[in-house]
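Single-letter residue listing:
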Amino acid sequence: MLAVYPSDRVFILTGAGVSAESGIPTFRGVGGLWRNYRIEEVASPEAWHRDPRLVWEFYSMRRQAASAAKPNPAHFALAKLEDALQDRLFVCTQNVDSLHERAGSGNVVHMHGELFKSRCDTCDRPPFDDTNLYEPPAEIPRCECGGRIRPHICWFGEVPFELDRIYAALDECTVFIAVGTSGVVEPAASFVAQVNDRARTIYVGPENPANVSTFTECHLGKAGEVLPAFFRRLCP
Ligand code: OAD
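Computed from a predicted model, the values in this text were never measured in an experiment. (Residues numbered from 1 in each chain as written. Predicted model: local features only at pLDDT ≥ 70, side-chain atom pairs only at ≥ 80, totals over all residues. Heavy atoms only, no water.)

**Examining the overall build of the protein**
Basically, it comes down to this: Numbered from the N terminus, helices here are DSSP runs of H or I no shorter than four residues, and strands are runs of E no shorter than two. Here the globule rule is a power law, 2.2 Å times the number of residues to the power 0.38, and the radius of gyration is based on C-alpha atoms. Exposed residues in this analysis have more than 50% of their type's maximum accessible area, buried residues have under 20%, and partly exposed residues fall in between, with area computed by a 1.4 Å probe over protein chains only. Note on definitions: a residue-residue contact is assigned when non-hydrogen atoms from the two residues lie within 4.5 Å. What sets the accessible areas is the Shrake-Rupley method with a 1.4 Å probe; for residues, cover comes only from the shown protein chains. The positive count covers Lys and Arg only, the negative count covers Asp and Glu only, and His and the chain ends enter neither. For this purpose, a charge sits on NZ of Lys, CZ of Arg, CG of Asp or CD of Glu.
When its secondary structure is counted, the protein shows 10 helices and nine strands. For 236 residues, the compact-globule estimate of 2.2 N^0.38 gives 18 Å, and the protein sits close to it at 18 Å. If one aligns the C-alpha atoms of the protein with their principal axes, the spans along those axes are about 55 × 35 × 30 Å. When the 236 residues of the protein are sorted by exposure, 51% land in the buried category. Here the contacts in the protein between residues at least 6 apart in sequence split such that 68% fall between residues at least 24 apart. When the accessible surface of the protein is split by element, carbon and sulfur atoms take 50% of a total near 11,300 Å². Taking the average location of the 24 positive side-chain charges in the protein and that of its 30 negative ones, the two points are 3 Å from each other.

**Quick notes on the sheet that holds strand β4 (residues 113-120)**
To be explicit about the condition: A pair of strands is labelled paired if DSSP reports no fewer than 2 bridges between them. Helix axes are fitted to C-alpha atoms over the stretch in contact, other axes to C-alpha atoms as well, and angles between N-to-C directions run from 0 to 180 degrees.
Read across the open sheet, the three strands follow the order β5-β4-β6; overall the sheet is antiparallel. Across the chains shown, the open sheet's two edge strands, defined by having one partner strand only, are β5 (128-129) and β6 (149-153). The pairing of β4 with β6 spans four bridges and is antiparallel. By the bridge assignment, Gly 113 is partnered in β6 with Ile 153. Docked against the sheet, helix α5 (residues 52-68) engages β4 and β6, running at close to 140 degrees with respect to β4.

**Re the site of the ligand**
Defined as follows: Proximity is defined per residue: any heavy atom of the residue falling within 4 Å of a molecule or strand makes that residue near it. Under the rule applied, a polar contact is a pair of N or O atoms within 3.5 Å (in protein, one hydrogen donor and one hydrogen acceptor; residues adjacent in sequence only if both atoms are side-chain atoms). Classification used: nonpolar for Ala, Val, Leu, Ile, Met, Phe, Trp, Tyr, Cys and Pro, charged for Asp, Glu, Lys and Arg, polar for all others including Gly. Note that the domain bounds were set by an automatic or database domain assignment.
Residues in contact with the ligand amount to 23 residues; listed here are only the nearest, Phe 27, Arg 28, Thr 181, Ser 182 and Glu 207. Within the side chain of Glu 21, an N or O atom sits 2.9 Å from a nitrogen atom of the ligand. When the ligand is considered free in solution it has 800 Å² of accessible area, and contact with the protein chains removes 93% of it. At the level of secondary structure, the elements contributing two or more residues to the shell around the ligand comprise α1 (17-20) and β8 (200-205). For the shell around the ligand, a count of residues per class yields 10 nonpolar, nine polar and four charged. Residue-level mapping places the shell around the ligand at the junction of two domains, with at least three residues from each of domain 1 (1-23 + 71-112 + 159-236) and domain 2 (25-68 + 115-153).

**A look at the domain arrangement of the protein**
The following threshold applies: When two parts are put together, the accessible area they lose, computed with a 1.4 Å probe and summed over both, is reported as buried area.
Domain assignment breaks the protein into domain 1 (1-23 + 71-112 + 159-236) and domain 2 (25-68 + 115-153). Computed over C-alpha atoms only, the centres of domain 1 and domain 2 are separated by 26 Å. Each partner contributes to the interface: domain 1 provides 13 residues, whereas domain 2 provides 12 residues. When domain 1 packs against domain 2, the two sides together hide about 870 Å² of surface, and 64% of this comes from carbon and sulfur. A per-residue breakdown of the area domain 1 buries against domain 2 is headed by Ala 16, Val 96 and Phe 161, which together make up 46% of the total.

**Some remarks on the environment of Leu 13**
With respect to the helices and strands, Leu 13 occurs in strand β1 (residues 10-14). The exposure class assigned to Leu 13 is buried, which follows from its relative accessible area of 3%. In this structure, the C-alpha to C-alpha distance between Leu 13 and Val 192, residues 179 residues apart in sequence, is 9.4 Å.

The structure is reproduced here in structure tokens:
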């Protein structure tokens, strides 16, 4: 069980593993998305310029899978933690699904973007809610400026969103918990190394992540089983 004192500030980093028990495939490992798709063909600026229909086909498939999924006990445990800790909790997810919000979390930073938002690839019009499935042979939708509408996703080679807020929260945290992330994708993989000289650092997932040596504690198990028990004293 986690002990959190009134002076503590908790930073949570979630990855694909937190949504695995909701039926959304992870990226690496058996059944992972990157076993069936090549990143450079569907998730990079080059892919978008080469074949935007294929990119939309990939994200439309993912929109369909994510809209059929429901939050699991790990998402609910983190929403209850927000009720208990309020602004002493910072949740940063690498996930683009909306399962944290659907479980009741009100304040989640999506560093890799959001699956149900789109934006123009040319102008500064802000990202907007979009649940459409753009499957071939549909035309790629256009912005008023003439640019093409693309998924609001941080692709490989692009800079993740909200890094200033994220690094400010890392600077303040005294407890850092990573859940269901393989610890190989930067910059998220290095967050723990930024804080482990002064914060308690904890990993939760069924297997050790690649950066396991930088954590002070590792709790092996599925997020949906470990997290509710872990936070029980804080959120009875
Ligand atoms: P990965 O697919 O790399 O890793 C998923 C992790 O979840 C693995 O370490 C699994 O052991 C763990 N896992 C599996 N089932 C779990 C469960 N029930 N409970 C807890 N953990 C479980 O996914 P990420 O680390 O999130 O980026 O990947 C990081 C980024 O790489 C993604 O955001 C995505 C991807 O390419 C972009 O698309 C930009």
